[in-house]
Amino acid sequence: MTVILEKKNGEKRIIVPQIDNADLIKSASNFLKKYNPNDVIPVDIENIVAKDFRLKVIPILRLFREFGIRSYTDPNLSTIYIDAEEYDDECSARVTIAHELAHVLLHGDIFRNREFESADEYLAFQDSLNKKNSKGYSLLERQASFLAPYILLPQGQLKAFVDEKIKIFGGLSCMVPEHFQILVEEIKKKFMVSKGCIRQQIIFEFPDLYKAMTDPSAKI
C-alpha cells in the first residue's frame, strides 16, 4: 500500500513501500490461482490483460530509441504502450506486458490519476518520483521486474519442467554447455518468455543450475 506524506508547505511526497521477495512470490501465486486456475502454459497474459483488466496494448514506433523506455502504462490504467520492436518479438512482448501488469497490481495507486499522457510526460513523472523519494522509481521497477517472471514462469510448472530435463541429461554433473543452451531454448518454447526472463528465474529458483551454467566444470 502506498503511503503519501504531506509536507507543511502542502507538497505531497510519495513513499514507495518496500515489498520483500517472499511477498512478491506470494502475490504471483495468488494471481495465478485467480487468473490461471487451470495452470495453462504458456500463461495467456495477453488475454488476462485484455479481458480481466481491460487494458489495451498499443505498440509505439521508436519509443525506446527516442525516449529510452520500452513500455509504460497510462495513468488511467487503461492502456499499455510498448515499443513497436519489442512488440514484434512475442516472447519479449509477453514479459514486457507482464511487467506493466505488475505495475498495475503493485503500484496502481501511484500511477492512477497522475498527469502524464505521453512518453515525455512519463519521464517527467519518473524524475518527480525520484526527487520525492530517495528510493524512487528504481524501487518500483525492481518490484515489477521481480514479479513478472513469477507470473509467466509459475514455480511449480517450471520446477517440474526443469527437473525433468536435467534428469534426461543425466543430472547436473553430466551437463555440458550445449545442454544448458537446449534447456533455455526449451523453456523459452514452452513458456514463451525471453531468455533474460529465463536467466533471472534460474538465478533465483535454481542456484545450483546457475552455478553449473556459469561454471560448467563445477561438480554439483
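If you're wondering where the values come from, they're calculated on a predicted model, not measured in any experiment.

K.L.:
Summarise the sheet that holds strand S4 (residues 71-73); cite the residues concerned and give the values.
P.N.:
Here we have three strands laid out as an open sheet, ordered S3-S5-S4, and mixed in their pairing. Two strands lie at the open edges of the sheet, namely strand S3 (56-60) and S4, each paired on one side alone. Between one strand and the next, the sheet's axes are offset by a mean angle of 20 degrees, whatever the strand orientation.

K.L.:
Summarise the environment of Ser145; cite the residues concerned and give the values.
P.N.:
Mapped onto the elements of the fold, Ser145 is located in helix H7 (residues 136-152). Classification of Ser145 by relative accessible area gives partly exposed; the value is 31%. Once the C-alpha coordinates of Ser145 and Glu100 are considered, the two residues, 45 residues apart in sequence, prove to be 9.1 Å apart. Excluding its chain neighbours within four sequence positions, the residues that come into contact with Ser145 are His99 and Gln200.

K.L.:
Quick rundown of the layout of surface pockets? Include the residues and the values.
P.N.:
Within this model, the largest pocket holds a volume of roughly 360 Å³. Along the wall of the largest pocket there are 21 residues; nearest its centre are Arg70, Thr96, His99, Glu141 and Ser145. Elements represented by at least two residues in the lining of the largest pocket include exactly helix H5 (90-111), helix H6 (119-132), H7 and helix H10 (195-205). In terms of residues, the lining of the largest pocket owes the most to one element, H5, which gives six residues. Residue classes in the lining of the largest pocket are distributed as seven nonpolar, ten polar and four charged.

K.L.:
Which residues make up the packing of helix H2 (residues 45-52) against H5, and what values go with them?
P.N.:
Remark: H2 packs on H5, axes separated minimally by 9 Å, with the N-to-C direction vectors making an angle of 40 degrees. Here the hand of the crossing between H2 and H5 comes out left-handed. On H5, the residues touching Ile45, Glu46 and Val49 of H2 are Arg94, Ile97, Ala98 and Leu101. Counted by class, the contact of H2 with H5 contains five nonpolar, no polar and two charged residues.

K.L.:
An account of the packing of aromatic side chains is requested, with residue identities and associated values reported.
P.N.:
Ring pairs (aromatic) are described by centroid distance and by the angle formed between their planes. Going through the model one piece at a time under the given rule, you end up with seven aromatic pairs. Both rings, one in Phe31 and one in Tyr35, keep their centres 4.8 Å apart while their planes meet at 45 degrees; by these two values the pair is tilted. Within this pair, Phe31 and its partner Tyr35 are both found in helix H1 (residues 21-35), separated by four residues, close to a single helical turn. The class of Phe31 is buried, set by a relative accessible area of 5%. Among the residues examined, Tyr35 registers a relative accessible area of 22% and is labelled partly exposed. Counting every residue linked through ring pairs, the aromatic cluster contains Phe31, Tyr35 and Phe53.

K.L.:
I'd like to hear about the pattern of salt bridges, residue by residue, with values.
P.N.:
Counted under the stated rule, the structure contains seven salt bridges. A salt bridge links Arg62 to Glu66; the shortest N-O distance between them is 2.9 Å. On the accessibility criterion, Arg62 (45% relative accessible area) is partly exposed.

Cut-offs applied
Residues numbered from 1 in each chain as written. Predicted model: local features only at pLDDT ≥ 70, side-chain atom pairs only at ≥ 80, totals over all residues. Heavy atoms only, no water. Pairing = 2+ DSSP bridges. Helix = DSSP H or I, 4+ residues; strand = E, 2+ residues; numbered from the N terminus. Axes fitted to C-alpha atoms, helices over the stretch in contact; angles between N-to-C directions. Buried < 20%, exposed > 50% of the residue type's maximum accessible area, 1.4 Å probe, protein only. Contact = heavy atoms within 4.5 Å. 1 Å grid on protein atoms, 1.4 Å probe; cavity = no way out; pocket = protein on both sides within 12 Å on 5 of 7 lines; lining within 4 Å. Points joined across faces, edges and corners; volume = space filled by probe spheres on them. Nonpolar A, V, L, I, M, F, W, Y, C, P; charged D, E, K, R; others polar. Left-handed = near helix turned anticlockwise from the far one by under 90°. Phe/Tyr/Trp six-rings, centres within 6.5 Å; stacked < 30°, edge-to-face > 60°. Salt bridge = Lys/Arg side-chain N within 4 Å of Asp/Glu carboxyl O.

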